[in-house]
Amino acid sequence: AAAAEAEVRLLLQEARESIEAARSYRRELQQRLRGLHQAREQIKDSATSTRDVLEQHFSDLKGTLKKLLDERLTSLLQEVDVIEQESIKPLDECQKLIEHGVSTADDLLREGESAVDGDVGQQNEKLCNFTKKALHIQLDSLPEVPSLVDVPCLSAQLDDCLLTILKNQIFRHGTVASRPPVQLEEFVEKPGGILVRWCKVDEDFSAQDYRLQFRKSPGSPFEDVYVGSEPEFLVLHMDPHVDYQFRVCARGDGRQEWSPWSVAQTGRTTLVPHEWTAGLEGYSLSSRRNIALRNDSQSCGVLYSKAPTYFCGQTLTFRQTVGQPDRRDSLGVCAEQRNGDESLQRDQAVCISTNGAVFVNGKEMTNQLPAVTSGSTVTFDMEVVQFGPCGNEGGNFKLRVTISSNNREVVFDWVLDQCCGSLYFGCSFSYPGWKVLVF
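Analysis parameters
- Residues numbered from 1 in each chain as written.
- Predicted model: local features only at pLDDT ≥ 70, side-chain atom pairs only at ≥ 80, totals over all residues.
- Heavy atoms only, no water.
- UniProt positions renumbered as here; feature names shortened; annotations may be inferred.
- Helix = DSSP H or I, 4+ residues; strand = E, 2+ residues; numbered from the N terminus.
- Rg over C-alpha atoms; globule rule 2.2 N^0.38 Å.
- Buried < 20%, exposed > 50% of the residue type's maximum accessible area, 1.4 Å probe, protein only.
- Contact = heavy atoms within 4.5 Å.
- Areas by Shrake-Rupley, 256 points an atom, 1.4 Å probe, with all protein chains shown as cover.
- Pairing = 2+ DSSP bridges.
- Axes fitted to C-alpha atoms, helices over the stretch in contact; angles between N-to-C directions.
- 1 Å grid on protein atoms, 1.4 Å probe; cavity = no way out; pocket = protein on both sides within 12 Å on 5 of 7 lines; lining within 4 Å.
- Points joined across faces, edges and corners; volume = space filled by probe spheres on them.
- Nonpolar A, V, L, I, M, F, W, Y, C, P; charged D, E, K, R; others polar.
- Domains from an automatic or database assignment.
- Expected span 1.5 Å × (residues − 1).
- Phe/Tyr/Trp six-rings, centres within 6.5 Å; stacked < 30°, edge-to-face > 60°.
- Lys NZ or Arg CZ within 6 Å of the ring centre and 35° of its normal.
- Salt bridge = Lys/Arg side-chain N within 4 Å of Asp/Glu carboxyl O.

Going by the annotation in an unreviewed UniProt entry, the name recorded for the chain is Cytokine receptor-like factor 3, with Molothrus ater given as the source organism. Entered under Subcellular location (unreviewed entry) in the UniProt record, the comment concerning the chain runs "Cytoplasm".

**Student:** Would you mind showing me how to read the overall build of the chain here?
**Tutor:** If you tally the helices and strands in the chain, you get 3 helices and 20 strands. Its C-alpha radius of gyration of 46 Å places the chain more than 25% over the 22 Å reference for a compact globule of 439 residues. Over its C-alpha atoms, taken along the principal directions, the chain stretches across nearly 165 × 90 × 35 Å. The burial tally for the chain puts 29% of its 439 residues in the buried class. Once local pairs closer than 6 in sequence are excluded, the contacts in the chain between residues at least 24 apart make up 59%. For the chain, the computed accessible surface area is about 28,400 Å², with 52% contributed by carbon and sulfur atoms.

**Student:** Looking at this structure, I do not really get the sheet that holds strand E1 (residues 182-190). What am I missing?
**Tutor:** Paired through backbone hydrogen bonds, the strands of a sheet run either parallel or antiparallel to each other. Taking strand neighbours across the sheet as the criterion, the 3 strands line up as E1-E2-E5 in an open arrangement whose pairing is antiparallel. Strand pairing shows two members of the sheet lacking a second neighbour, E1 and strand E5 (232-235), which therefore form its edges. Averaged over neighbouring strand pairs, the angle between their axes works out to 20° when direction is ignored. Bridge analysis of E1 against strand E2 (residues 193-200) gives 8 bridges, and the strand direction is antiparallel. Within the sheet, the bridge partner assigned to leucine 184 lies in E2 and is tryptophan 198.

**Student:** Explain the layout of surface pockets to me, please; I cannot follow it from the model alone.
**Tutor:** Reported here for the largest pocket is a volume of approximately 1,600 Å³. Taken together, 40 residues form the lining of the largest pocket, with Thr50, Ala177, Ser259, Pro260 and Trp261 sitting closest to its centre. Where the lining of the largest pocket is concerned, the elements lending two or more residues are helix H1 (2-117) and strand E6 (244-252). In terms of residue count, H1 provides more of the lining of the largest pocket than any other element does, 13 residues in total. Here the residues of the lining of the largest pocket sort into 18 nonpolar, 14 polar and 8 charged. Lining the lining of the largest pocket are residues from two domains, each supplying at least three of them: domain 1 (1-172) and domain 2 (182-269). The volume enclosed by the second largest pocket comes to roughly 580 Å³. Secondary-structure elements contributing two or more residues to the lining of the second largest pocket are H1 and helix H3 (161-172). The greatest single-element share of the lining of the second largest pocket, amounting to 10 residues, is contributed by H1.

**Student:** Sorry if this is basic, but what is going on with H3 here?
**Tutor:** Between the first and last C-alpha of H3 there are 17 Å, a value that for 12 residues agrees with the 16 Å anticipated at 1.5 Å per step. Just downstream of H3 lies glycine 174, where phi reads positive at about 85°.

**Student:** Sorry if this is basic, but what is going on with empty space enclosed by the protein here?
**Tutor:** Counted according to the given criterion, the structure contains 1 cavity of 30 Å³ or more. When its volume is computed, the largest cavity comes out at roughly 60 Å³. Counted by class, the lining of the largest cavity contains 2 nonpolar, 3 polar and 3 charged residues.

**Student:** Is there a simple way to think about unusual backbone geometry in this case?
**Tutor:** A negative phi angle characterises most non-glycine residues, just as the trans form characterises most peptide bonds. The backbone phi angle of asparagine 361 is positive, close to 50°, even though this residue is not glycine. Tracing the backbone shows asparagine 361 in the loop between strand E14 (357-360) and strand E15 (363-368). Given a relative accessible area of 22%, asparagine 361 falls into the partly exposed group. Phi at asparagine 406 takes a positive value of approximately 50°, unusual for a residue other than glycine. By secondary structure assignment, the location of asparagine 406 is in the loop between strand E17 (397-405) and strand E18 (408-416).

**Student:** Where do I start with the packing of aromatic side chains in this structure?
**Tutor:** Note on aromatic pairs: each is described by the distance of the centres and the angle between the planes. Overall, the coordinates contain 11 aromatic pairs when judged by the stated rule. Here the aromatic rings of phenylalanine 318 and phenylalanine 380 are separated by 5.9 Å at their centres, their planes lie at 90°, and the arrangement is edge-to-face. With a gap of 62 residues between them, phenylalanine 318 in strand E11 (residues 315-321) and phenylalanine 380 in strand E16 (residues 377-387) connect regions that are remote in the sequence. Of the two residues examined, phenylalanine 318 and phenylalanine 380, each falls in the buried class. By way of ring pairs, the aromatic residues Phe187, Phe214, Tyr244 and Phe246 are connected into one cluster. One Lys or Arg, arginine 247, reaches over the ring of tryptophan 261 and ends 4.1 Å from the middle of that ring. Between the NZ or CZ atom of arginine 294 and the centre of the ring of tyrosine 283, over which it lies, the distance is 5.6 Å.

**Student:** Just checking my understanding: could you explain the domain arrangement of the chain for this structure?
**Tutor:** By a widespread convention, an interface's size corresponds to the accessible area lost as its parts come together. As far as domains go, the chain holds domain 1 (1-172), domain 2 (182-269) and domain 3 (283-438). One C-alpha centre belongs to domain 1, the other to domain 2; they are set 43 Å apart.

**Student:** Is there a simple way to explain the pattern of salt bridges in this structure?
**Tutor:** A side chain with one charge can pair with a side chain of the opposite charge if their charged atoms come near. Throughout the structure, instances matching the rule amount to 22 salt bridges. Glutamate 5 is paired through a salt bridge with arginine 9; the nearest N and O atoms lie 3.1 Å apart. Placement of the pair is glutamate 5 and arginine 9 together in helix H1, with a separation of 4 residues, close to one helical turn. Residue glutamate 275 pairs with arginine 289 through a salt bridge whose shortest N-O separation is 3.2 Å. In this pair, glutamate 275 sits in the loop between strand E7 (265-267) and strand E8 (283-285) while arginine 289 sits in the loop between E8 and strand E9 (291-294), placing the two residues 14 residues apart along the sequence. With relative accessibility at 16%, the residue glutamate 275 sits in the buried group. Among the charged side chains, a network of salt bridges with common partners joins Glu336, Arg338, Asp341 and Arg346.

As structure tokens, this is what we get:
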């Protein structure tokens, strides 16, 4: 009985495993069916969109070509009118002169016939007057009439070369691509933004420029956000927890037209944007509070972030416009806000001075970075390397810090007295003119 019961339990276990495997298999098949449905919809949607683009494009071409042909026809007809009018004008003048001569000759004939046929008493006087009048009219002078070879004969010179050229160009105009040469590859969350990366999927395609677009809602039009040669771009000023659609295309080397768009993909960021704290007298902030400008106020001190929004594993970037440097200047990260300090060159903070000196908990390191220049970027990257007590060093939380500036970097361990899940950032400048963008 025990053996039979054990065998039943074994069979039940095998049956349950088979049922679970069948469920998993069904889920996998259903997921693949959804993938096939999405692929089919993508083909249909892209085909419909391509048809619409082709029909609209060729409709526009037809309208433009008709307009151009009508304008050319009008121009040629006007040219015919001008030649006709200029050529007929002297003929009209000659005709008027001849018609006047014919009328004069008719009058003279009537007068001469009357003089010849008149009575004898008045005949001498009439004949004398007629003869004088005939001599005065100069009956041997005739107006010149142009021969037909000297008269313009209009004609239109038309051939089929335009049709041949257009035919060859039209047959080569436009292509249909089944796959774009570039596709979106990765979305990396950034505070208040997304780092979008893309890659070539056609190795034979030589890209000169890329064009990235995005939109906030499916019904809105796409907008250009980047055009350039880099295969990635950081899109800032994005609302957290909101889906954005992205697409990218490329322009071939030496070409003017853009390639087909990549498949649109959705990206989002869950990280709130970095912001400076408003209200510090020595600094003016932009409307988004991500840019701080050291103003002319004599007040000095450290400008901190609004909240501890920097987390380990992220990259914190400062981009600045320089003013007059001072050894007390600082850009960096700290464990807490502390009023009254003039610089981040203090305990529980790491920073870089504008002259390139690096400070860890208030102590200057031997290694030094290049001086901060206008338009350059300073980045901070941190990762946790130790929790708990650190022995002789006296701390219980250690971070591996990498500070980069002008293509050089320093790496060191930063020991803190307590575990910090998030950190503040800050800056301090002694003189006006410094402007810092944080992202």
